[in-house]
Amino acid sequence: MSDWVEACDAEDIDEEDVMRFDHEGRTFAIYRSPDDEYFATDGLCTHEKVHLADGLVMDDIIECPKHNGRFNYKTGAARGAPVCVNLRTYPVKLDAGKILIQIG
Amino acid sequence: MTNGMVIIGAGECGGRAALALRDLGYDGPVTLVGDEPHLPYERPPLSKEAMASDAPVIKAIASDEILAERSIRHIHSVQAVAIDRAAHLVRLSDGSDLPYDKLLLATGSTPRKLPMPGLGPRCVYLRTFNDALAIRAHLSARNRIAIVGGGFIGLELAAAARRLGAAVTVIEAQPRILMRGVPAEIAKVIHEAHEAEGVKILCGDGIAAIADDGAEVRIALAGGLDIVADLAVIGIGAVPVIGLAAEAGLTIDNGIAVDAGLRTGDPAIFAAGDCCSFPLAVYGGRRVRLEAWRNAQEQGALAARNMLGAGESHAAVPWFWSDQYGLTLQISGLSDEGRSTVRRDLDDGAFILFHLAEDGRLVAASGIGPGNTVARDIRLAEMLIAKRAKPAPEALGSQTVKLKSLLAA
Ligand SMILES: Cc1cc2nc3c(=O)[nH]c(=O)nc-3n(C[C@H](O)[C@H](O)[C@H](O)COP(=O)(O)OP(=O)(O)OC[C@H]3O[C@@H](n4cnc5c(N)ncnc54)[C@H](O)[C@@H]3O)c2cc1C
Ligand code: FES
């Protein structure tokens, strides 16, 4: 259970917003929910490979910027057309104002 | 015994409706009838970058496995040829009769034909995957492609053809490309992108004659120019597929006319997607017909709910996108509802035009920029439009004011 990597400062992400994080050739999306919790998912939409970080966060939903496919970013669940494949999620923890994600 | 739900047209709308019926827990028979030989698939890739790959593949909406798992019977390569409304039967081209409790017409639209003599095998249209494959075979550095009509499908295809090195000429009779639905300021960005990529665009010149000898097409323009091409792709708009509905005596008004719940005059028959015209609530019930992918999905899902008795009304704001080279255009709402515009500049040359009605209400937003630069703001604008908001023009015009903050107001 090691492979925790530091992604960014907690303050880098606004409430109800998302940020892209690239690490060793992989890309992730890190979210800050309206109730101030942090979450992480794969960075690319499962419909076409588009960066979700350009999309809109509303409550616990990330909406893809390309065709408005929706996912619950807390669980990764696909929430309606055109997406049908869930997003992978990753554990997140806060340590001294830094966001760490476990990218196993 | 129930006859269940029958859907005619296995496209975006029909496919989504069938899946939605199951998502809603309906457990009677669901039958999806389509005249194409394929699974229900997405059309947008057919004119885009994906066409530039060596072997374009179909982007199915649901696999055979999913259809089987969800007990959706898909009858392909078969056309519905008549509806017997009294008997609740659809007659199919294979001679069989299909009984229904509720029927959804999702027959889509089909390319408008160029009403001229002289067209032949080198003059083609783009609507289906098979059309796309036939066109793909002509896209190479050795080929000259003429695109008749400066609309979205033609321009997207022009970009894909350039990617493969073909010489491309776009012929548009109107004074500029994208006359319908796209503001001039945005059309100009797209026009310039095409010219920078080497596409020749000829606007404001009609076609006087076409001659197709089976190997090449000669297009004589009224202004005197002659364009010679190996293939002419005609993209001058689409018309709704209404024959079946019209013969069954359903009302036609720029498409199969439905009410806000997507019902035709026959309580057992619904229509949705490109084939129907419906009252758009956000503009006070103005009757429109949309040819847009998200609308087909939304209406497919709404039709499914109402076939099961939900009694809901269509409330969505229209939304459309187009990709050309690295640029994406997104439009929410119908810009012709606007009387004035406010421009918001974003990073990387991207910008958004907000269209305001006389009374200051935001009625549409059109944006263009590299990648997905305009996506968030267009989506937020869509929510403002749905709320019938009257945001201050200064706030809309200033990149530092977050649109999300206007939504909360
Ligand atoms: C090349 C191309 C690119 C596009 N790009 C975009 C884009 O970038 N953005 C966007 O928003 N929209 C785009 N669109 C539009 C979008 O694809 C359509 O709005 C959408 O497909 C409409 O869905 P539909 O199910 O109503 O109709 P269709 O997808 O046309 O499906 C209707 C189906 O019904 C079948 N059918 C018709 N009559 C019968 C019958 N009697 N019996 C059996 N089957 C029948 C047809 O053959 C067809 O398969 C594009 C369209 C095309 C063609
Ligand atoms: S790429 Fe995300 S919905 Fe299509």
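Residues numbered from 1 in each chain as written. Chains lettered and ligands numbered in written order. Predicted model: local features only at pLDDT ≥ 70, side-chain atom pairs only at ≥ 80, totals over all residues. Heavy atoms only, no water.

Per an unreviewed UniProt entry, chain B carries the name Ferredoxin reductase and comes from Mesorhizobium mediterraneum. Taken verbatim from the UniProt record of chain B, the Cofactor (unreviewed entry) comment is "FAD". (UniProt positions renumbered as here; feature names shortened; annotations may be inferred.)

Taking an unreviewed UniProt entry as the reference, chain A is identified by name as Rieske family ferredoxin belonging to Mesorhizobium mediterraneum. UniProt, in the comment section headed Sequence similarities (unreviewed entry), describes chain A in these words: "Belongs to the bacterial ring-hydroxylating dioxygenase ferredoxin component family."

Draft legend 1. Quick peek at the overall build of chain B. When you go through chain B residue by residue, the secondary structure sums to 10 helices and 26 strands. A globule of 409 residues ought to have a C-alpha radius of gyration of about 22 Å, and chain B, at 22 Å, matches this closely. In chain B, buried positions account for 55% of the 409 residues. A separation of at least 24 residues holds for 61% of the contacts in chain B among residues at least 6 apart in sequence. Of the roughly 16,300 Å² of accessible surface on chain B, a fraction of 53% belongs to carbon and sulfur atoms. When the 41 basic and 47 acidic side-chain charges of chain B are each reduced to a single mean position, those positions are 3 Å apart. (Helix = DSSP H or I, 4+ residues; strand = E, 2+ residues; numbered from the N terminus. Rg over C-alpha atoms; globule rule 2.2 N^0.38 Å. Buried < 20%, exposed > 50% of the residue type's maximum accessible area, 1.4 Å probe, protein only. Contact = heavy atoms within 4.5 Å. Areas by Shrake-Rupley, 256 points an atom, 1.4 Å probe, with all protein chains shown as cover. Lys, Arg positive; Asp, Glu negative; His and termini not counted. Charge placed at Lys NZ, Arg CZ, Asp CG, Glu CD.)

Draft legend 2. Representation of the sheet that holds strand β2 (residues 17–23) of chain A in the model. All names here are of chain A. The sheet built from 4 strands is open, its strands ordered β2-β3-β4-β8 with antiparallel pairing. Where the open sheet ends on each side, the last strands, each with one partner, are β2 and β8 (89–90). Across 2 bridges, the pairing between strand β4 (residues 38–42) and β8 is antiparallel. The residue bridging T41 from the neighbouring strand is T89, located in β8. (Pairing = 2+ DSSP bridges.)

Draft legend 3. Main features of the site of ligand 1. Residues and elements named next belong to chain B. Near ligand 1 lie 35 residues; those nearest to it are D35, E36, R43, K48 and R127. Note that an oxygen atom of ligand 1 is positioned 2.7 Å from one of the side-chain N or O atoms of R43. W321 places a polar main-chain atom, nitrogen or oxygen, 3.0 Å from an oxygen atom of ligand 1. Of all elements in the fold, only α1 (12–23), α4 (152–163), α7 (293–307) and β22 (319–324) reach the threshold of two or more residues within the shell around ligand 1. Here the shell around ligand 1 is built from residues that sort into 17 nonpolar, 9 polar and 9 charged. When we break the shell around ligand 1 down by domain, the ones giving at least three residues each are domain 1 (5–110 + 238–307) and domain 2 (113–234). (Near = heavy atom within 4 Å. Polar contact = N/O pair within 3.5 Å; in protein donor to acceptor, adjacent residues only side chain to side chain. Nonpolar A, V, L, I, M, F, W, Y, C, P; charged D, E, K, R; others polar. Domains from an automatic or database assignment.)

Draft legend 4. Highlighting unusual backbone geometry. For the bond from A81 of chain A to P82 of chain A, the omega torsion is 0°, close enough to zero to count as cis. Following the sequence through the fold, P82 of chain A ends up in the loop between β7 (70–72) and β8. Positive phi outside glycine occurs at L262 of chain B, with the angle close to 70°. Along the chain, L262 of chain B falls in the loop between β18 (256–257) and β19 (269–271). Unlike most non-glycine residues, R388 of chain B shows phi in positive territory, near 55°. With respect to the helices, strands and loops of the structure, R388 of chain B is situated in the loop between α8 (375–386) and α9 (393–397).

Draft legend 5. Structural view of the UniProt feature "domain: FAD/NAD(P)-binding" (unreviewed entry) in chain B. Within this numbering scheme, the UniProt entry marks residues 5–300 of chain B as carrying the feature "domain: FAD/NAD(P)-binding" (unreviewed entry). Across residues 5–300 of chain B one finds 22% helix and 28% strand; the C-alpha atoms that close the span lie 13 Å apart.

Draft legend 6. Helix α3 (residues 129–136) of chain B, seen in detail. Residues and elements named next belong to chain B. The set of residues buried in α3 consists of F129, A132, I135 and R136. End-on, the buried residues of α3 take up no more than an arc of 120°, which puts them together on one face. Those residues of α3 hidden inside the fold are in contact with β9 (123–125), α4 and β16 (231–234). (Arc of directions from axis to C-beta.)

Draft legend 7. Quick look at the interface of chain B and chain A. Taken residue by residue, the interface counts 19 residues in chain B and 21 residues in chain A. The largest contributions to the chain B side of the interface with chain A come from N372, R376 and K404 of chain B, which together make up 37% of the buried area. Here chain B is connected to chain A by 5 salt bridges. Between K404 of chain B and E16 of chain A there is a salt bridge, with the nearest N and O atoms lying 3.4 Å from each other. (Buried area = accessible area lost by both parts, 1.4 Å probe. Salt bridge = Lys/Arg side-chain N within 4 Å of Asp/Glu carboxyl O.)

Draft legend 8. View of the UniProt feature "domain: Rieske" (unreviewed entry) in chain A. UniProt annotation of "domain: Rieske" (unreviewed entry) refers to residues 5–101 of chain A when read in the numbering used here. As a span, residues 5–101 of chain A carries 0% helix and 44% strand, and end to end its C-alpha atoms are 5 Å apart.

Draft legend 9. Representation of the packing of α1 of chain B against α7 of chain B. All names here are of chain B. Viewed as axis vectors pointing N to C, α1 and α7 meet at an angle of 35°, and their least axial separation amounts to 7 Å. As α1 packs across α7, the resulting crossing turns out to be right-handed. When α1 is examined against α7, the residues E12, C13, R16, A17, A20 and L21 are found in contact with a partner set consisting of W293, A296, Q297, Q299, G300, A301 and A304. The class makeup of the residues in the contact of α1 with α7 is 8 nonpolar, 3 polar and 2 charged. (Axes fitted to C-alpha atoms, helices over the stretch in contact; angles between N-to-C directions. Left-handed = near helix turned anticlockwise from the far one by under 90°.)

Draft legend 10. Region of interest: the UniProt feature "domain: Reductase C-terminal" (unreviewed entry) in chain B. As annotated by UniProt and renumbered to match this structure, "domain: Reductase C-terminal" (unreviewed entry) occupies residues 319–407 of chain B. A distance of 18 Å separates the end C-alpha atoms of residues 319–407 of chain B, which is 25% helix and 38% strand.

Draft legend 11. Representation of the pairing of β4 of chain A in the model. Residues and elements named next belong to chain A. Burial of β4 is extensive: 4 of the 5 residues sit out of reach of the surface. Relative to β4, strand β3 (residues 26–32) runs antiparallel, the two sharing 5 bridges. Paired with R32 across the bridge in β4 is Y38. Between the antiparallel neighbours β3 and β4 lie 5 residues, among them D36 with a positive phi of about 65°.

Draft legend 12. Quick look at the sheet that holds strand β4 (residues 80–84) of chain B. Residue and element names in this part refer to chain B. Strand order in the open sheet formed by 3 strands is β4-β5-β6, with antiparallel pairing between adjacent strands. A strand with exactly one partner marks an edge of an open sheet, and here the two such strands are β4 and β6 (97–99). Neighbour to neighbour, the strand axes of the sheet diverge by 25° on average, direction disregarded. Here strand β5 (residues 89–92) runs beside β6; their pairing, made up of 3 bridges, is antiparallel. Of the residues in β6, the one forming a bridge with V90 is L98.

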